[in-house]
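Residue strings, one per chain:
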Amino acid sequence: MSLFKSVKVINSGKAILLSRKYKTPLRYHSTWLRDNALDSKTRDKKNGQRLISISDIPVTTYIKSASLSKKGKEIIINFLPKKKQVKFSSSWLEKHAYDKKQSNSKVWIDPDLKTWTKASLKNIPIINYKKTKSNKKSFHKWLKSLHCYGFAKMVGCEKKSGTVIKIAKLFGYVRETNYGKWFDVKSKTNAVNLAYTNLALKAHTDNPYRDPVPTIQILHCLKSSTKGGDSKVVDGFKAALRLKKENKKYFSLLSKYCSRFEFKIKKNVHLKSRFPIINLSSDSELIAIHFNNRSIAPITDIPYRDMDDYYKAYRKFSSIIDDPKMSVNFKLNPGDCFILDNTRVLHARTAYLAVGSRWLQGCYADKDGLLSTISTLSKS
Ligand code: NM2
Ligand code: OGA
Ligand code: ZN
């Protein structure tokens, strides 16, 4: 944190300019400052929620005067025409600075994330179930890695049915769906989903036919004595960035147009969604991959003139995802589980023989809970 050297009211009171030692100055608008005041009339003391709304701030709000105190550690601002004095700490203002270069047109990812391939993900983040309870520091570190790589393993879990729920509750909340609070991934007759057979599953994200999609998936292994059924994960963000590098036009087709996804179980369940395969936010942040060959529905949102190229782009993205250089392969043993960011990391399994038994249990949860736990553990 750098201390502020001086404060100047600029633009007829519509903003202030704070100069810093060795760093570029920062500007803040009068309405922004008034809206973000931290006093007890603006924010509730107990819960920190804002008590005012935008309509309580006159459109003519300006800064009459601003000064530094506590050797530059604090800024005092006087507003008019509604008379109001507000104090900010310089560290708070610096932390919430917005007067900086923004690369709005470039595709970008959250700076907390690291993309990976087989070669670069040397060590899969791994923790023993017992350690999640006994060592908060290791648990916190592992959760941060799960967020950073979108993938992590846990070993030493109980081999009891329902354990997957206990695992989810370590950091978040279970998302119940038509598959239940949790589900058995076993080979069954008359399977309602191809996941419940012994067939191979190509790399996919789960439930793209649901809106919103579950953002975390957990798969926990209870039995694994069959030949085959090996696991594989692929960083979908890395694959998308590689597609962009290798063919810009293909990347823009998959991010511009929406695909459709659908899943039906007789008369009980009919889920439908519409997402781009590569989902960007309006300011070009890479936010999600939706990819599942079993559940992609007839695509009807691409004009005739682009459909041929769209399919070429889809094929190319699929071949990048299937490239063995992209994937990390492993076998789940009883007591192991893996956790995925289902908006980013794709998972796959090889086919397995009917001889012996293979039993996984899965459940969904959401990333907001994970991020909240990471954040609160940072402060404890
Ligand atoms: N199961 C395992 O998204 C999918 O359809 C993959 C999901 C059935 C909950 C399988
Ligand atoms: C799933 C799935 C993988 C496996 O259930 O969604 O992808 O290894 N299963 O069975
Ligand atoms: Zn799956």
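For the structure, see preceding data.
Computed from a predicted model, the values in this text were never measured in an experiment.

A. Examining the site of ligand 2 more closely. The immediate surroundings of ligand 2 are formed by Val185, Ala195, Leu201, His204, Asp206, Gln217, Leu219, His347, Arg349, Arg358 and Leu360. Aspartate 206 places a side-chain nitrogen or oxygen 3.0 Å from an oxygen atom of ligand 2. Here an oxygen atom of ligand 2 sits 2.7 Å away from a polar atom, N or O, in the side chain of arginine 358. Within the complex, the protein chains bury 97% of what would otherwise be the 290 Å² of accessible surface of ligand 2. Elements supplying a minimum of two residues to the shell around ligand 2: strand E11 (201-204), strand E12 (216-224), strand E20 (345-349) and strand E21 (358-365).

B. Structural context of the environment of valine 355. Structurally, valine 355 can be placed in the loop between E20 and E21. Placed 128 residues apart in sequence, valine 355 and lysine 227 show a C-alpha to C-alpha distance of 7.7 Å. Leave out the neighbours within four places in its chain, and valine 355 touches Ser225 and Thr226.

C. Highlighting the coordination of the zinc ion (ligand 3). Bound to the zinc ion (ligand 3) are the protein donor atoms His204 (NE2), Asp206 (OD) and His347 (NE2), situated 2.0 to 2.1 Å from the metal. The sequence pattern describing where the donors of the zinc ion (ligand 3) fall on their chain is H-x1-D-x140-H. With a gap of 141 residues between them, aspartate 206 in the loop between E11 and E12 and histidine 347 in strand E20 connect regions that are remote in the sequence.

D. Representation of the nonpolar core. Membership of the largest hydrophobic core comes to 30 residues, with the highest contact counts inside it found for Leu254, Ile278 and Phe317. If you list the elements that add at least two residues to this core, you get helix H6 (236-246), helix H7 (248-256), strand E17 (286-289), helix H8 (304-322) and E20. Among the elements that take part in this core, H8 stands out by supplying seven residues, more than any other. Of all hydrophobic cores here, the second largest spans 28 residues; its members include Tyr196, Leu201, Leu219 and Leu271.

E. Spatial organisation of helix H9 (residues 367-379). In this model, H9 (13 residues) spans 19 Å end to end at C-alpha, consistent with the 18 Å of a helix rising 1.5 Å per residue. Among all positions in H9, only Lys367, Gly369, Leu370, Thr373, Ile374 and Leu377 are buried. Seen from one end, H9 has its buried residues packed into an arc of 160°, which puts them on one side. Set apart from the buried face of H9 by more than 90 degrees, the exposed residues are Asp368 and Lys379. Contact partners of the buried residues in H9: helix H4 (136-149), E12, strand E19 (337-341) and E21.

F. Structural detail: the packing of H4 against H9. Running from amino to carboxyl end, H4 crosses H9 at an angle of 140°, the nearest separation of the two axes being 10 Å. Considering their axes alone, H4 and H9 lie oblique with respect to each other. Pair H4 / H9 crosses with left-handed handedness. The residues of H9 that touch H4, namely those facing Lys136, Phe139, His140, Leu143, Lys144, Leu146 and His147, are Leu370, Leu371, Thr373, Ile374, Leu377 and Ser378. Tallied by class, residues from the contact of H4 with H9 come to seven nonpolar, four polar and two charged.

G. Here's a closer look at the site of ligand 1. If you check the shell around ligand 1, you find Tyr179, Phe183, Asn193, Ala195, Tyr196, Asp206, Asn207, Tyr209, Asn292, Arg294 and Tyr364 and nothing else. Between ligand 1 and asparagine 193, the relevant distance is 3.0 Å, taken from an oxygen atom to a side-chain nitrogen or oxygen of the residue. One of the side-chain nitrogen or oxygen atoms of tyrosine 209 is found 2.6 Å away from an oxygen atom of ligand 1. Protein coverage of the free-state accessible area of ligand 1, which is 310 Å², stands at 97%. Taken together, the residues of the shell around ligand 1 break down into six nonpolar, three polar and two charged.

H. Structural detail: the sheet that holds strand E1 (residues 4-10). A sheet is described by the order of its strands in space; here three strands give the open sequence E1-E2-E3, paired in antiparallel fashion. At either end of the open sheet lies a strand with only one pairing partner, and these are E1 and strand E3 (26-29). In this sheet, neighbouring strand axes are inclined to one another by 20° on average, regardless of whether the strands run parallel or antiparallel. In this structure, strand E2 (residues 15-20) lies alongside E3, joined through four bridges in antiparallel fashion. Each bridged residue has a counterpart across the sheet, and for alanine 15 the counterpart in E3 is histidine 29.

I. Summary view of the pairing of E19. Summarising burial for E19: five of the five residues are buried, a large majority. Alternating positions in E19 separate into two faces, Cys337, Ile339 and Asp341 on one and Phe338 and Leu340 on the other, with burial throughout. Across four bridges, strand E8 (residues 151-155) lies against E19 in antiparallel orientation. Counterpart to lysine 153 in the pairing with E19 is phenylalanine 338.

J. Quick peek at the pairing of E12. The element E12 is largely enclosed, with a buried count of seven among its nine residues. Bridge count for E12 against E21 is eight bridges, and the pairing is antiparallel. What sits directly across from isoleucine 216, in E21, is alanine 365.

K. Broad picture of the pattern of salt bridges. As enumerated under the stated definition, the model contains 21 salt bridges in all. Note that aspartate 341 and lysine 367 form a salt bridge whose closest N and O atoms lie 3.0 Å from each other. On the criterion of sequence distance, the pair formed by aspartate 341 in strand E19 and lysine 367 in helix H9 is long-range, its members being 26 residues apart. Within the structure, one salt-bridge network assembled from shared partners comprises Arg242, Glu246, Lys316 and Asp323.

Definitions and cut-offs
Residues numbered from 1 in each chain as written. Chains lettered and ligands numbered in written order. Predicted model: local features only at pLDDT ≥ 70, side-chain atom pairs only at ≥ 80, totals over all residues. Heavy atoms only, no water. Near = heavy atom within 4 Å. Polar contact = N/O pair within 3.5 Å; in protein donor to acceptor, adjacent residues only side chain to side chain. Areas by Shrake-Rupley, 256 points an atom, 1.4 Å probe, with all protein chains shown as cover. Helix = DSSP H or I, 4+ residues; strand = E, 2+ residues; numbered from the N terminus. Contact = heavy atoms within 4.5 Å. Donors = N, O, S within 2.8 Å, 3.2 Å for Na, K, Ca; no water. Core = buried A, V, L, I, M, F, W, Y, C linked by side-chain atoms within 4.5 Å. Buried < 20%, exposed > 50% of the residue type's maximum accessible area, 1.4 Å probe, protein only. Expected span 1.5 Å × (residues − 1). Arc of directions from axis to C-beta. Axes fitted to C-alpha atoms, helices over the stretch in contact; angles between N-to-C directions. Parallel < 35°, antiparallel > 145°, perpendicular 65-115°, else oblique. Left-handed = near helix turned anticlockwise from the far one by under 90°. Nonpolar A, V, L, I, M, F, W, Y, C, P; charged D, E, K, R; others polar. Pairing = 2+ DSSP bridges. Salt bridge = Lys/Arg side-chain N within 4 Å of Asp/Glu carboxyl O.

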